[in-house]
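Residue strings, one per chain:
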Amino acid sequence: MSFIHVIMNRLILILFLILVLGFQERTDYKATREKMVKSQIEARGIQEPFTLAAMRSVPRHKFVPKGLMESAYKDSPLPIGYGQTISQPYIVAFMTEIINPKKDFKVLEIGTGSGYQAAVLAHIVDSMYTIEIVKALFIQAKKRLDDLNYHNVLIKNADGYHGWEEKGPFDAIVVTAAAEFVPPPLIEQLKDGGKMIIPIGTPFTTQQLLLVEKKKGKIKTKNLMFVRFVPFTRAKDE
Ligand code: SAH
């Protein structure tokens, strides 16, 4: 066999291995994700079809630091740097189901973090807006959401306390950091008939996940469950 042939054969073998390993990785994560949905989400009572479909398709392993990819589908939150976390899969599904998202919804999230909750919602709704206060996390999440083709997500780097007035009012608002009270601008930016979900309580303890509903201008609230979120922080110059 000529030298060229040997090189060609090697190249073909290497290409084949790359293809097989790449495919294997994709199928493995898909199987792991399916297991996560069955054992952590459906088993705990989540039934809303859009929520389940989104949880089945968003590649959670691409929203965690490289070294934690193997843990991405575990039943827990994970660190994403800067003292922040990506929420536990069940909590993401629960918060998604509770706002009962529809395709024509406009949704605001406060606390982009990794961008995972925003991606799950963007899978369902037409217009997704999300605000992150930590600049480095904002930059990472923006790139990640662009790379993964979530073109219906608009993200900004700001203190989410003020909401996003120019883009509101919103059908639903999802807050993924624990506040001591519901920021009034967020209530104002909720549509009539809209729902907000927000963890309320003191930082570093457990908080109550609160459902806030606006009906004919009146506000109704309901405690849903105990949760543990990272604190809602405020911009220093305010
Ligand atoms: N939804 C995220 C979870 C993020 S953890 C995910 O799916 O990965 C909460 C995030 O809220 C952190 O990234 C934190 O920096 C951010 N945050 C805290 N206070 C904020 C505020 N006032 N405005 C915007 N983001 C805030």
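Description of the structure in this document.

Moving on, we come to the overall build of the protein chain. When its secondary structure is counted, the protein chain shows 6 helices and 9 strands. Its C-alpha atoms put the protein chain at 80 × 40 × 35 Å along the principal axes. Of all 238 residues assigned to the protein chain, the portion counted as buried reaches 45%.

Here Thr-130 shows up in strand 4 (residues 127–132). We classify Thr-130 as buried; its relative accessible area is 0%. Here Thr-130 is in contact with Glu-109, Thr-112, Ala-118, Val-153, Leu-154, Ile-155, Lys-156 and Trp-164, once residues within four sequence places are set aside.

Let us look at the layout of surface pockets. Looking at the largest pocket, its volume works out to about 360 Å³. The wall of the largest pocket is formed by 27 residues, among which Gly-111, Thr-112, Glu-132, Thr-176 and Ala-177 lie closest to the centre. Looking at the lining of the largest pocket, the elements that each hand over two or more residues are strand 2 (84–86), strand 3 (106–110), helix 4 (116–124) and strand 4. Broken down by element, the residue count for the lining of the largest pocket peaks at 3 residues, all from strand 2.

All right, on to the nonpolar core then. Most often, soluble globular proteins keep nonpolar side chains buried together rather than apart. Within the largest apolar cluster, 45 residues are counted, with the highest numbers of intra-cluster contacts made by Met-55, Phe-63, Val-107, Tyr-116, Met-128 and Tyr-150. For this core, the secondary structure elements donating two or more residues are helix 1 (3–42), helix 2 (49–57), strand 1 (78–81), helix 3 (89–98), helix 4, helix 5 (135–147) and strand 6 (170–175). Here the element with the most residues in this core is helix 4; it accounts for 7 residues. With residues up to four places along the chain from it excluded, the contact list for Tyr-150 reads Val-58, Pro-59, Phe-63, Ala-119, Ala-122 and Leu-145. Counting residues in each nonpolar core, the second largest holds 20 residues, with Val-175, Ala-177, Leu-210 and Phe-232 among its members.

Let us now look at the site of the ligand. Around the ligand sit 26 residues in total, of which Ser-114, Glu-132, Asp-159, Gly-160 and Thr-233 are the nearest. In the model, a nitrogen atom of the ligand is placed 2.9 Å from a nitrogen or oxygen of the Asp-159 side chain. Measuring from a nitrogen atom of the ligand, one finds a backbone N or O atom of Thr-233 at 2.6 Å. Against a free-state accessible area of 590 Å², the protein chains account for coverage of 99% of the ligand. The pocket occupied by the ligand, as judged from atoms lying within 2 Å of grid points, is the largest pocket. Those elements giving two or more residues to the shell around the ligand turn out to be strand 2, strand 3, helix 4 and strand 4. With 3 residues, strand 2 is the largest single contributor of residues to the shell around the ligand.

Next up on the list: the pairing of strand 3. Within strand 3, 4 of the 5 residues are buried, which leaves it mostly tucked inside the rest of the structure. As a crossover connection, the stretch from strand 3 through helix 4 into strand 4 is right-handed. In this structure, strand 3 lies alongside strand 6, joined through 4 bridges in parallel fashion. Each residue of the ladder has a partner; that of Ile-110, found in strand 6, is Val-175.

Quick notes on the rules
- Numbering of residues begins from 1 in every chain and follows the order in which that chain's sequence is written.
- In keeping with the predicted nature of the model, local features appear solely for residues at pLDDT of at least 70, side-chain atom pairs appear and are counted solely at 80 or more, and the whole-chain, interface and lining totals rest on all residues.
- Hydrogen atoms and water are omitted, and side-chain values are computed over all heavy atoms in the structure.
- Secondary structure elements are defined from DSSP: runs of H or I of at least 4 residues count as helices, runs of E of at least 2 residues count as strands, and each element is numbered from the N terminus.
- A 1.4 Å probe rolled over the protein chains alone gives each residue an accessible area, and that area as a share of the maximum for its type sets the label: buried under 20%, exposed over 50%, partly exposed in between.
- Any two residues whose heavy atoms approach within 4.5 Å at even a single point are treated as in contact.
- Put plainly, a pocket is an open set of points on a 1 Å grid over the protein atoms alone with protein on both sides within 12 Å along at least five of seven lines, a cavity is a set where a 1.4 Å probe fits but cannot get out, and a lining residue has an atom within 4 Å of a point.
- Grid points are joined across faces, edges and corners, and a volume is the space filled by probe spheres set on the points.
- Only buried Ala, Val, Leu, Ile, Met, Phe, Trp, Tyr and Cys residues count toward a nonpolar core, and they belong to the same one when joined by side-chain atoms within 4.5 Å.
- Here a residue is considered near a molecule or strand provided that any single heavy atom belonging to it is located within 4 Å of it.
- Any N or O atom pair separated by 3.5 Å or less is treated as a polar contact, with the protein-specific requirement of one donor-capable and one acceptor-capable atom, and with residues adjacent in sequence counted only for side-chain atom pairs.
- Note that accessible areas follow from Shrake-Rupley with a 1.4 Å probe, and for residues the cover is restricted to the protein chains shown.
- For this analysis, a molecule is said to be in a pocket or cavity if more than half of its atoms are within 2 Å of the grid points defining it.
- By convention, orient the strands away from the viewer: a clockwise path from the first strand over the helix to the second makes the crossover right-handed.
- Here the rule is simple: two strands pair whenever DSSP picks up at least two bridges between them.

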